[in-house]
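Below are the chains, spelled out letter by letter.
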Amino acid sequence: MPPCLLSLLLPFLTLLLPQADTRSFVVDRDHNRFLLDGVPFRYVSGSLHYFRVPRVLWADRLFKMRMSGLNAIQFYVPWNYHEPEPGVYNFNGSRDLTAFLNEANKANLLVILRPGPYICAEWEMGGLPSWLLRKPKIHLRTSDPDFLAAVDSWFHVLLPKIYPWLYHNGGNIISIQVENEYGSYKACDFSYMRHLAGLFRTILGDKILLFTTDGPEGLKCGTLQGLYTTVDFGPADNMTKIFNQLRKYEPHGPLVNSEYYTGWLDYWGQNHSTRSIPAVTKGLENMLKLGASVNMYMFHGGTNFGYWNGADEKGYFLPITTSYDYDAPLSEAGDPTPKLFALRNVISKFQEIPLGPLPPPSPKMMLGPLTLHLDGSLLAFLDFLCPQGPIRSILPMTFEAVKQDHGFVLYRTHLVNTFTEPTSFWVPNDGLHDRAYVMVFQGVLERNMKHRLFLTGKMGDKLDVLVENMGRLSFGSNSSDFKGLLEPPLMGHVVLTQWLIFPLKIDSLVKWWFHIQLPRRSQPSTSSGPTFYSASFPILGSVGDTFLYLPGWSKGQVWINGFNLGRYWTKRGPQQTLYVPRPLLFPRGTFNKITLLELENVPPRPQIQFLDKPILNSTLYRTYLYSFSAGEQMELSGH
């Protein structure tokens, strides 16, 4: 053949040869498997949430997951973490999504992405921004035009960031989930799901595999033609029965369990959840024997720092703890557990495990006890906490109406009558969301609790009610979970009106406060009600991860060096310690500062300690317990 003819034919001949640089991840329905670059492939994945782990620790957690034998990770993108106000976006620091994708790529991990818009994840409002509720009649997760407009706007920002990271574009994202367990939601709005699928296709193209995930009862409303159907279930469930149900919706293609539960979440006032190693390993092995692809939820749980915990509802309100340890294979502090080594052993029977040992547990630190000093009551700092002054309203307004997403709002009114006899003070129609601290009178009211306070007072007396948002519903009824005083309180039969409403910027105060030393106030012998305490302390030895222990304290919020660690509720439990990652602490020679907002009662000796082990299962005061079986608990939440 003449050379000139060969050169003419070469471009056409190369089209007939396998393309080494052609990247693809597809479903092979003829052989019930995935193909990665044309080769049969099965993923053994684990869930990890970048928003529950400080950025400096991402690489550590991802490396340990890869060394455990995983070839992929699965994670959510919480909308409310990235769009705090309409049209205001934050992808910096621990919110840098592309940096996290890059770290996963460095760890040689493929990515199964779950961008929502709803994610559950036991995260505040299931990842939906609370500013959506500024339109009180909005119908979330439906074809409501107001909701779709907000979703479209968000996805036109998020999805173009994801596009370069799709596997066929040279990235590591092999598949993307549309919505999240939509079949468990009451709406069953197929036009909404079709809208989302169309939006994903318009922006991301036709090559990326889109899928849905539902529990077996949710397949009817959660699936959609054109989206690959997967299920979720745990070790106690009937694998054969559930996979048979899946086959009714996805007759051909690989079996996929998108959430195989290695543990479970914790609620305040109930026991720490665990799942046994034999049950978890046996379930995984049985699925892998079938050739299924599996994602373990969670492989590393992390922490609900700040105010980010969600809540469930099943006839009563169940806020989720600050710790999201989840009894996962990697502990909250990122340490390998016996469960991890047992799962790694199972995985090694089915695919190659990277050579080399897993890193040892991180160094831990003990310190204290340290004595905290009174800085003053919350009311003493009101001018700093609400510098713009209060909002005046005849009736109380919700957090959403005053644009307060998280934390606390103070409601103030004055009595217009004299009450010489103890008179009931309460909020009708379960109109308190979620917990109220009635100042001066030192009483507490709580959502779903039907008790009342009995108060006396003279006409003109000031009545201050501090209301805490303890986390918006992330699952359960998933109705719009407005916060604050949803109804005006009653004093006897008198409706209390003429309110001053103070949205409190507590985190801003603490961050400003952290850089200065306020003069110490004289400390009373006893202190109760919402009060700030703090202490400064050096670390003389080496710095390590540690666990903040608050014996005798009741309930509140804690900051380390201006960083909001999250809620403590020593009085209720089960969580007694808060995880303090080493990077939050300053090394030898520099003072660290701890700040507490104690909402109820301060112990006689206001001390705290830093321990080298967590205490996650110690409910000290059994004053608040709802009894239901473990079987019911499994139905309370999805992910």
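**Thoughts on the confidence of the model for the protein**
And then number 1: Summarising the model, the protein shows a mean pLDDT of 91, and 91% of its residues fall at 70 or more.
And then number 2: Per-residue pLDDT stays below 50 along residues 2–20; that stretch engages in three contacts with residues further than four places along the chain or on separate chains.

**Looking at the nonpolar core**
And then number 1: Grouped together as the largest cluster of nonpolar side chains are 109 residues, with contacts concentrated most on Phe75, Ile173 and Ile176.
And then number 2: At nine residues, helix α5 (residues 145–162) tops the list of elements feeding residues into this core.
And then number 3: Counting 26 residues, the second-largest nonpolar core is a separate cluster that includes Leu370, Ile539, Trp553 and Val558.

**Focus on the layout of surface pockets**
And then number 1: Its boundaries defined by the atoms lining it, the largest pocket holds a volume of some 950 Å³.
And then number 2: Lining of the largest pocket is provided by 37 residues; of these, Tyr307, Trp308, Asp507, Lys511 and Asn564 occupy positions nearest its centre.
And then number 3: Of all elements in the fold, only α12 (506–514), β30 (556–560) and β31 (563–568) reach the threshold of two or more residues within the lining of the largest pocket.
And then number 4: Top contributing element to the lining of the largest pocket by residue count: α12, with four residues.
And then number 5: Counted by class, the lining of the largest pocket contains 19 nonpolar, eleven polar and seven charged residues.

**Re the sheet that holds strand β23 (residues 462–468)**
And then number 1: Read across the open sheet, the six strands follow the order β16-β27-β17-β23-β20-β21; overall the sheet is antiparallel. Each edge of the open sheet carries a strand with a single partner, namely β16 (391–393) and β21 (443–446). Going from strand to strand, the sheet's axes swing by 25° on average, the running direction of each strand aside.

**Looking at the environment of Leu367**
And then number 1: Counting through the fold element by element, Leu367 comes out in strand β14 (residues 367–371).
And then number 2: Sequence-wise, Leu367 and Gln609 are 242 residues apart; in three dimensions their C-alpha atoms are separated by 6.0 Å.
And then number 3: Those residues in contact with Leu367 that sit more than four places away from it in its chain are Phe537, Pro538, Ile539, Gln609 and Phe610.

**Here we look at helix α10 (residues 338–348)**
Counting along an α-helix, one turn takes 3.6 residues, and residues three or four places apart therefore face a common direction.
And then number 1: All buried positions along α10 are accounted for by Lys339, Leu340, Leu343, Arg344, Val346 and Ile347. Down the axis, α10 shows its buried residues gathered within 160° of arc, on one side only.
And then number 2: The inward-facing, buried residues of α10 abut β4 (44–48), α2 (58–67), α9 (277–289) and β11 (293–300).

**Description of the packing of aromatic side chains**
And then number 1: Taken as a whole, this structure holds 39 aromatic pairs when the rule is applied.
And then number 2: Put simply, the rings of Trp79, Tyr89, Phe91, Trp131, Phe147, Trp154, Tyr182, Tyr185 and Tyr192 touch in pairs and so form one group of aromatic residues.
And then number 3: Over the ring of Tyr118 we find Arg141, and its NZ or CZ is 3.5 Å from the ring centre.
And then number 4: Cation over ring: Lys555 sits above Trp569, and NZ or CZ is 4.6 Å from the ring centre.

**Re the environment of Val494**
And then number 1: In this structure, Val494 sits in strand β26 (residues 494–495).
And then number 2: Judged by relative accessible area, which is 25%, Val494 ranks as partly exposed.
And then number 3: Placed 69 residues apart in sequence, Val494 and Phe425 show a C-alpha to C-alpha distance of 9.5 Å.
And then number 4: Not counting chain neighbours up to four residues away, the residues in contact with Val494 comprise Asn417, Phe419 and Pro489.

**Focus on unusual backbone geometry**
And then number 1: Residue Pro369 is reached from Gly368 by a cis peptide bond, and omega for that bond is 10°.
And then number 2: Residue position: Pro369 is located in strand β14.
And then number 3: The omega torsion across Gly573 and Pro574 is 10°, close enough to zero to call that bond cis.
And then number 4: Within the secondary structure, Pro574 is located in the loop between β31 and β32 (577–580).
And then number 5: Here Asn448, not a glycine, exhibits a phi torsion of approximately 70°, which is positive.

**With respect to the sheet that holds β26**
Pairing between sheet strands relies on hydrogen bonds along the backbone, with the strands arranged either parallel or antiparallel.
And then number 1: Taken together, four strands build an open sheet; the order of strands is β22-β18-β25-β26 and the sheet is antiparallel. The sheet terminates laterally at β22 (453–457) and β26, the two strands that pair on one side only.
And then number 2: By the bridge criterion, two bridges tie strand β25 (residues 490–491) to β26 in an arrangement that is antiparallel. By the bridge assignment for β26, Met491 is matched with Val494.

**Digging into the side chain of Ser323**
And then number 1: Mapped onto the elements of the fold, Ser323 is located in the loop between β13 (317–319) and α10.
And then number 2: Since its relative accessible area comes to 4%, Ser323 is described here as buried.
And then number 3: At 2.8 Å, the side chain of Ser323 and the side chain of Glu332 are in polar contact.
And then number 4: With sequence-adjacent residues up to four places away left out, Ser323 is seen in contact with Gly302, Asn304, Glu332, Gln575 and Leu616.

**A short note on the state of the cysteines**
And then number 1: On inspection of all chains with the given rule, the structure shows one disulfide.
And then number 2: In this model Cys188 forms its disulfide with Cys221; the gap between the sulfur atoms is 1.9 Å. An S-S torsion of about -90° defines the bridge between Cys188 and Cys221 as left-handed. A residue pair is termed long-range when its members are at least 10 positions apart, and Cys188 in the loop between β7 (173–177) and α6 (190–204) and Cys221 in helix α7 (residues 219–222) qualify at 33 residues.
And then number 3: Exposure remark for Cys188: the relative accessible area of 24% places this residue in the partly exposed category.
And then number 4: The class for Cys221 is buried, based on a relative accessible area of 16%.
And then number 5: Cysteine Cys120 remains unbridged, with the sulfur of Cys221 as its closest cysteine sulfur at 17 Å.

**Considerations on the packing of α2 against helix α4 (residues 97–106)**
And then number 1: It is the contact of α2 with α4, at a shortest axis distance of 9 Å, that shows an interaxial angle of 35°. Read as a crossing pair, α2 and α4 show a hand that is right-handed. Within the contact between the two elements, α2 uses Trp58, Ala59 and Leu62 and α4 uses Ala99, Phe100, Glu103 and Ala104.

**Remarks on the side chain of Asp189**
And then number 1: Turning to its location among the elements, Asp189 is positioned in the loop between β7 and α6.
And then number 2: Buried and unpaired, Asp189 has Arg194 as its nearest opposite-charge partner, separated by 6.5 Å.
And then number 3: A polar atom in the side chain of Asp189 sits 2.8 Å from the backbone nitrogen of Ser143.
And then number 4: Engagement of the side chain of Asp189 in a polar contact is seen with the side chain of Ser191, the distance being 2.6 Å.
And then number 5: Not counting residues within four places of it along the chain, the set of residues in contact with Asp189 comprises Thr142, Ser143 and Tyr182.

**Notes on the environment of Val416**
And then number 1: Along the chain, the position of Val416 falls in the loop between β17 (408–414) and β18 (419–426).
And then number 2: A sequence separation of 293 residues divides Val416 from Trp123, and the C-alpha atoms of the two residues are 41 Å apart.

**Some details on a nonpolar patch on the surface**
And then number 1: Nonpolar side chains collect at one region of the surface, where Ile394, Leu395 and Val495 lie side by side and expose about 260 Å² of accessible area between them.
And then number 2: If you trace the backbone, Leu395 turns up in the loop between β16 and β17.
And then number 3: The exposure class assigned to Leu395 is partly exposed, which follows from its relative accessible area of 42%.

Parameters and conventions
Note that residues are indexed from 1 along each chain, following the sequence as it is written. A pLDDT threshold of at least 70 governs which residues receive local features in this predicted model, and a stricter bar of 80 or more applies before side-chain atom pairs are shown or counted, although totals over entire chains, interfaces and linings include all residues. The basis for the side-chain values is all heavy atoms of the structure; hydrogens and waters are excluded. pLDDT measures the predictor's confidence residue by residue and takes values from 0 up to 100. Only heavy atoms matter for contacts: two residues are in contact if any of them lie within 4.5 Å across the pair. Buried residues of nine kinds, namely Ala, Val, Leu, Ile, Met, Phe, Trp, Tyr and Cys, make up a nonpolar core once their side-chain atoms join them within 4.5 Å. Only protein chains enter the accessibility calculation, which uses a 1.4 Å probe. A residue is then buried if its area is under 20% of the maximum for its type, exposed if over 50%, and partly exposed in between. Put simply, DSSP H or I for four residues or longer makes a helix, DSSP E for two residues or longer makes a strand, and each gets a number counted from the N terminus. Both cavities and pockets are sets of points on a 1 Å grid over the protein atoms alone; in a cavity a 1.4 Å probe fits but cannot get out, in a pocket the set is open with protein on both sides within 12 Å along at least five of seven lines, and lining residues sit with an atom within 4 Å of a point. Grid points are joined across faces, edges and corners, and a volume is the space filled by probe spheres set on the points. Gly falls in the polar group here, along with every residue not listed as nonpolar (Ala, Val, Leu, Ile, Met, Phe, Trp, Tyr, Cys, Pro) or charged (Asp, Glu, Lys, Arg). Here, any two strands with at least 2 DSSP bridges between them count as paired. Where helices are involved, their axes are fitted lines through C-alpha atoms of the stretch in contact, as for all axes, and angles between N-to-C directions lie from 0 to 180°. Taken from the helix axis, the directions to the C-beta atoms give the arc we talk about. Stacked, tilted and edge-to-face pairs are distinguished by plane angle, under 30 degrees for stacked and over 60 for edge-to-face with tilted covering the rest, among Phe, Tyr and Trp rings (Trp via its six-membered ring) whose centres lie within 6.5 Å. By definition here, charges over rings are those cases where NZ of Lys or CZ of Arg is within 6 Å of the ring centre and within 35 degrees of the ring normal. Counted as a polar contact is a pair of N or O atoms within 3.5 Å, where, for protein atoms, one must be capable of donating a hydrogen and the other of accepting one, and residues adjacent in sequence contribute only when both atoms are in side chains. By convention in this document, the label disulfide applies to cysteine sulfur atom pairs within 2.5 Å. A crossing counts as left-handed when the near helix is turned anticlockwise from the far one by less than a right angle, and as right-handed when that turn is clockwise. Working convention for charge: Lys and Arg count positive, Asp and Glu count negative, and His plus the chain ends are omitted. Any carboxyl oxygen of Asp or Glu that lies within 4 Å of a side-chain nitrogen of Lys or Arg is treated as forming a salt bridge with it. Patch members must show over 30% relative accessible area and no salt bridge, and they are joined within 9 Å when carrying like charges or within 5 Å when they are nonpolar side chains of Val, Leu, Ile, Met, Phe, Trp or Tyr. Only the protein chains shown count as cover for residues, with accessible areas throughout obtained via the Shrake-Rupley method and a probe of 1.4 Å.

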